[in-house]
Number of protein chains: 2
Amino acid sequence: MEYHNKVPKPTIQRLPAYLQLLKRYQNDGTEYISCNIVAEELNLNPVLVRKDLASVSSVGGRPKIGYRLDTLILDVEHYLGYRDIFPAILVGMGHLGSALFAYPGFPDYGVEIVAAFDADTDKTGVMPSGKRVMPMSSLSSYCIDNGIKLGIITVPADSAQVVCDALIEAGIRAIWNFAPTHLKAPAHILVQNEDMAIPLAMLSKHLQAME
Amino acid sequence: MEYHNKVPKPTIQRLPAYLQLLKRYQNDGTEYISCNIVAEELNLNPVLVRKDLASVSSVGGRPKIGYRLDTLILDVEHYLGYRDIFPAILVGMGHLGSALFAYPGFPDYGVEIVAAFDADTDKTGVMPSGKRVMPMSSLSSYCIDNGIKLGIITVPADSAQVVCDALIEAGIRAIWNFAPTHLKAPAHILVQNEDMAIPLAMLSKHLQAME
């Protein structure tokens, strides 16, 4: 299977929504889907949808009929990496970290959190899932020994940069950052920020405007 | 205090990052900050930062010196609605819903989750925080009686639209949706989607590209 080398970032960001929709249609017993239907369901421009799907489909759509759903779903899943599972580690077992570590659904998205770390040794040990929470002193050796390339940061803002530096030192190449702070990292490291303050600001502004 | 009527959405989305930075400088004992420093710290275009801050500042910056930090922080917080607390309700007490309901930090961002609802009556009752989880049959009357305008959806994808419709029926005007599905809502309702699949797709693609 061969893909275009460079699929634009906004396309990647739309693919999960396409995938949800395609699976819903498949569950309803549909065999083919057209770009126009996808566009209409998701309130997107049909030209955009056509380009997006063409860039990840291995076989292409058929005029008038559209894409075979089962093939297209496999193509999108393959493209998004859902067919591989990247092991990840998580640092910071507070409220959010514990919830993410306990969440069983990540493998559906191609990621599995295999271990967690915390500076507080009261929090280390084996979880009900059988997965371990280890002290920070084990972080580097664990990541290197297990070839971990993905790290999740759920520590408070003031310790996030130190953790980020330690992860990079341990060979991590992509960071999912939930700490509300801007992290400095070399250009080849992807830092994906998940700042809850941004959606909350959008919601508050909408409600303020209505008052 | 008077603001420009229409601050663009990307500006609103950048304001939380500005605020974090401004508070960090204030904690370090700094009194004034220039747009150039903000731009440099956050890897942004200085012209953009200048426009953003001008659009929310009540007093303006001083040439060469910049903005007074304490005033600017108040202005940004006021603008983002952090000085008001919007009460919110949450529907769906699974892993994620429980974590959000237990998280004590939302009031810092102008939102407080005052009650939760779940279809499973085994989950209803009073939480350690003293807040209540109620059955779905109480949703509408609770929202109307308490003037709730903000709803958080943490139910599975296949029940999200039903919950969304119920929230709108109960007077909700803004929805923070964590269910991995596209919700249909009238144009005056803001639906803010928090789809974990999108950042996970970005991270997986980055790691795939490195293999």
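Since the structure is predicted, the reported quantities are computational estimates derived from the model, not experimental observations. (Residues numbered from 1 in each chain as written. Chains lettered and ligands numbered in written order. Predicted model: local features only at pLDDT ≥ 70, side-chain atom pairs only at ≥ 80, totals over all residues. Heavy atoms only, no water.)

Enquirer: I'd like to hear about the overall build of chain A, residue by residue, with values.
Expert: What chain A contains, in helices and strands, is 8 helices and 9 strands. Expressed as lengths along the three principal axes of its C-alpha atoms, the size of chain A is roughly 60 × 50 × 35 Å. Of all 211 residues assigned to chain A, the portion counted as buried reaches 46%. Of the contacts formed within chain A by residues at least 6 apart in sequence, a portion of 54% connects residues at least 24 apart. Accessible surface for chain A amounts to roughly 10,300 Å². Of this, 52% is attributable to carbon and sulfur atoms. For chain A, the distance from the average site of its 18 positive side-chain charges to the average site of its 22 negative ones is 7 Å. (Helix = DSSP H or I, 4+ residues; strand = E, 2+ residues; numbered from the N terminus. Buried < 20%, exposed > 50% of the residue type's maximum accessible area, 1.4 Å probe, protein only. Contact = heavy atoms within 4.5 Å. Areas by Shrake-Rupley, 256 points an atom, 1.4 Å probe, with all protein chains shown as cover. Lys, Arg positive; Asp, Glu negative; His and termini not counted. Charge placed at Lys NZ, Arg CZ, Asp CG, Glu CD.)

Enquirer: If you had to explain the sheet that holds strand 8 (residues 174–177) of chain A to someone new, which residues and values would you point to?
Expert: Residue and element names in this part refer to chain A. Spatial strand order, 5-6-4-3-7-8-9: 7 strands in an open sheet with mixed pairing. Among the strands making up the open sheet, the edge pair consists of strand 5 (125–126) and strand 9 (190–193). Here strand 7 (residues 150–153) runs beside strand 8; their pairing, made up of 4 bridges, is parallel. Across the sheet, the residue bridging to Ile152 is Trp176, located in strand 8. (Pairing = 2+ DSSP bridges.)

Enquirer: Any chance you could break down the relation of the copies chain A and chain B for me, citing the residues and the numbers?
Expert: Here chain A sits on chain B after a turn of 180 degrees about the axis and a move of 0.0 Å along it, with an RMSD of 0.0 Å. Such values leave the two copies arranged in the relation of a two-fold axis. No C-alpha of chain A lies nearer the rotation axis than that of Ala99 of chain A, which sits 3.0 Å from it. A shared interface surface links the copies, since 98% of the contact residues of chain A are contact residues in chain B too. (Least-squares fit on C-alpha atoms with pLDDT ≥ 70 in both.)

Enquirer: Tell me about the nonpolar core, and name the residues and values.
Expert: Counting 49 residues, the largest nonpolar core has Leu22, Val38, Val76, Leu80, Ile152 and Trp176 of chain B as its most contacted members. Among the elements that make up this core, the one with the highest residue count is helix 1 (residues 9–27) of chain B (7 residues). Among all residues touching Leu80 of chain B, those that are not within four sequence positions of it are Ala201, Ser204, Lys205 and Gln208 of chain A together with Ile12, Leu15, Pro16 and Leu19 of chain B. The next biggest cluster of nonpolar side chains, apart from the first, holds 48 residues, and it includes Tyr67, Ile73 and Phe86 of chain A together with Met202 of chain B. (Core = buried A, V, L, I, M, F, W, Y, C linked by side-chain atoms within 4.5 Å.)

Enquirer: Which residues make up the sheet that holds strand 3 (residues 86–91) of chain B, and what are the values?
Expert: All names here are of chain B. Taken together, the 7 strands give an open sheet; going across it, the order is 5-6-4-3-7-8-9, and neighbouring strands pair in mixed fashion. The outermost strands of the open sheet, each flanked by one partner alone, are strand 5 (125–126) and strand 9 (190–193). Here 4 bridges tie strand 4 (residues 111–118) to strand 6 (residues 132–135), and the two strands are oriented parallel to one another. Note on strand 6: the bridge partner recorded for Asp118 is Pro135. Along the sheet face, helix 5 (residues 95–102) touches strand 3, strand 4, strand 6 and strand 7 (150–153) and points at about 145 degrees away from the line of strand 4. The sheet contacts of helix 7 (residues 157–169) involve strand 3, strand 7 and strand 8 (174–177), and relative to strand 7 the element is tilted by about 170 degrees. (Axes fitted to C-alpha atoms, helices over the stretch in contact; angles between N-to-C directions.)

Enquirer: Account for the environment of Lys23 of chain B, naming residues and giving values.
Expert: Residues and elements named next belong to chain B. Relative to the helices and strands, Lys23 is located in helix 1. Its relative accessible area of 33% is what places Lys23 among the partly exposed residues. Along the sequence, Lys23 and Leu69 sit 46 residues apart, while their C-alpha atoms lie 8.1 Å from each other. Setting aside anything within four residues of it in sequence, one finds Lys23 in contact with Ile73 and Glu77.

Enquirer: How would you explain the interface of chain A and chain B if you had to name every residue and give the values?
Expert: On the side of chain B, 55 residues touch chain A, which itself brings 56 residues to the contact. Both sides of the chain A and chain B interface together cover about 5,200 Å² of buried area, and 72% of this is carbon and sulfur. Among the residues of chain A in contact with chain B, Leu200, Met202 and Leu203 of chain A are the three that bury the most area, contributing 12% of the side total. Counting every contact that joins chain A to chain B gives 2 salt bridges. When the shortest N-O distance is used, the salt bridge between Glu41 of chain A and Lys184 of chain B registers 3.5 Å. Counting the contacts that link chain A with chain B gives 11 residue pairs in polar contact (both at pLDDT 80 or more). Per element, the largest residue contribution to the side of chain A that touches chain B is 13 residues, and it comes from helix 8 (residues 197–210) of chain A. Split by residue class, the side of chain A that touches chain B holds 32 nonpolar, 14 polar and 10 charged. (Buried area = accessible area lost by both parts, 1.4 Å probe. Salt bridge = Lys/Arg side-chain N within 4 Å of Asp/Glu carboxyl O. Polar contact = N/O pair within 3.5 Å; in protein donor to acceptor, adjacent residues only side chain to side chain. Nonpolar A, V, L, I, M, F, W, Y, C, P; charged D, E, K, R; others polar.)

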